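# Inside the fold
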Amino acid sequence: DTAVSQTPKYLVTQMGNDKSIKCEQNLGHDTMYWYKQDSKKFLKIMFSYNNKELIINETVPNRFSPKSPDKAHLNLHINSLELGDSAVYFCASSQEGRGNSPLHFGNGTRLTVT
Amino acid sequence: AQSVTQLDSQVPVFEEAPVELRCNYSSSVSVYLFWYVQYPNQGLQLLLKYLSGSTLVKGINGFEAEFNKSQTSFHLRKPSVHISDTAEYFCAVSDRNGNKLVFGAGTILRVKS
């Protein structure tokens, strides 16, 4: 009965490859997010979708492309992976896309680019 | 734009001692404030939130935080910590019109026996 689940948990790949991370939430929330946590544990928002529409797109390289087939899913595709992409990527969801809605996080995907 | 400063990167404390984790924020508009906890190899979980009303908010696991508008602070406290409280704690802020949560750099709480 996991609320926000993301797969895979670990992803090890070589530079230049393309990879995807999947995220699903069963909370009935309208808004989903991708956050990146770097090696110093700093968390930064990448994208936010509300009902399949992109509402936040931070200054993320266009090698990163989110896709939301429905409001319960938000996948992240990364092209031409670089060493600096190594991080933990967290998917999250909230009831509404407003500031007073707490986020529910998945357990993260640890991406290692070699 | 909002920003969050967590003044301590690590806080070591003995079991059953009180603890305070400090958080200051910067914003030109009214905000909502949150504390999240991250246990090793897990995602973040909400500890507590301040939306409006009473400035003292209580959360899970015996934690509480006080919103101080004049000092732009939202410090987290627990009167008696347990070994199981060892984790990283993140303060976060969002403005009342937006939908972007901005996190502090985190404070590692290490509880020693």
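Read on for an overview of the structure. Residues take numbers from 1 onward in each chain, read along the sequence in its written order. As they are written, the chains are lettered A onward and the ligands numbered 1 onward, keeping that order. It should be noted that, the model being predicted, local features are given only for residues of pLDDT at least 70 and side-chain atom pairs only at 80 or more, the latter also being counted only at that level, while totals for whole chains, interfaces and linings use all residues. Water and hydrogen atoms were dropped before computing side-chain values, which therefore reflect all heavy atoms in the structure.

### Looking at the nonpolar core
Under the convention used in this document: We define the nonpolar core as a collection of buried residues of types Ala, Val, Leu, Ile, Met, Phe, Trp, Tyr and Cys that are connected through side-chain atoms lying within 4.5 Å of one another. Whether a residue is buried, partly exposed or exposed follows from its accessible area with a 1.4 Å probe, protein chains only, as a fraction of its type maximum: under 20%, in between, or over 50%, in that order. Contact between two residues is taken to exist if any of their heavy atoms lie within 4.5 Å; hydrogens are not considered.
Core analysis: the biggest nonpolar cluster contains 29 residues, and Trp35, Leu48, Phe74, Leu76 and Tyr89 of chain B have the highest contact counts within it. With near-sequence residues (within four places) excluded, tyrosine 89 of chain B lies in contact with Gln6, Leu21, Trp35, Tyr36, Val37, Leu47, Phe63, Leu76, Gly106, Thr107 and Leu109 of chain B. Ranked by size, the runner-up nonpolar core spans 20 residues in total, among them Ile21, Ala87, Cys91 and Val113 of chain A.

### With respect to the sheet that holds strand 8 (residues 73-78) of chain A
Residue and element names in this part refer to chain A. Rules: What makes two strands pair is DSSP finding at least two bridges between them. Numbering goes from the N terminus for both helices and strands, where a helix is a DSSP run of H or I of at least four residues and a strand is a run of E of at least two. Simply put, an axis is a line fit to the C-alpha atoms, just over the touching stretch for a helix, and the angle between two N-to-C directions goes from 0 to 180 degrees.
Spatial ordering of the open sheet is given by 1-3-8-7, a layout of four strands whose pairing is antiparallel. This sheet does not close on itself; its edge strands, each paired only once, are strand 1 (4-7) and strand 7 (64-70). If you compare each strand with its neighbour and ignore which way they point, the axes differ by 20° on average. Pairing of strand 3 (residues 19-25) with strand 8, which is carried by four bridges, proceeds in the antiparallel orientation. By the bridge assignment for strand 8, lysine 19 is matched with isoleucine 78.

### Section: the pattern of salt bridges
Defined as follows: Salt bridges, as used here, are contacts in which a Lys or Arg side-chain nitrogen is within 4 Å of a carboxyl oxygen on Asp or Glu.
A full pass over the atoms with the stated rule returns eleven salt bridges over all chains. The salt bridge partner of aspartate 30 of chain A is lysine 71 of chain A, with a shortest N-O separation of 2.8 Å. Linking aspartate 30 of chain A in the loop between strand 3 and strand 4 (31-37) with lysine 71 of chain A in the loop between strand 7 and strand 8, this pair joins segments that are 41 residues apart in sequence. A residue is classified by how much of its surface remains accessible, and aspartate 30 of chain A, at 22% relative accessible area, is partly exposed. Here arginine 63 of chain A ties to aspartate 85 of chain A by a salt bridge, and the two come within 2.8 Å at their closest N and O atoms. Here arginine 63 of chain A, found in the loop between strand 6 (53-57) and strand 7, pairs with aspartate 85 of chain A, found in the loop between strand 8 and strand 9 (87-94); they are 22 residues apart in sequence, far enough to count as distant. Several salt bridges converge on common partners, so that one network encompasses Lys44 and Glu58 of chain A together with Lys100 of chain B.

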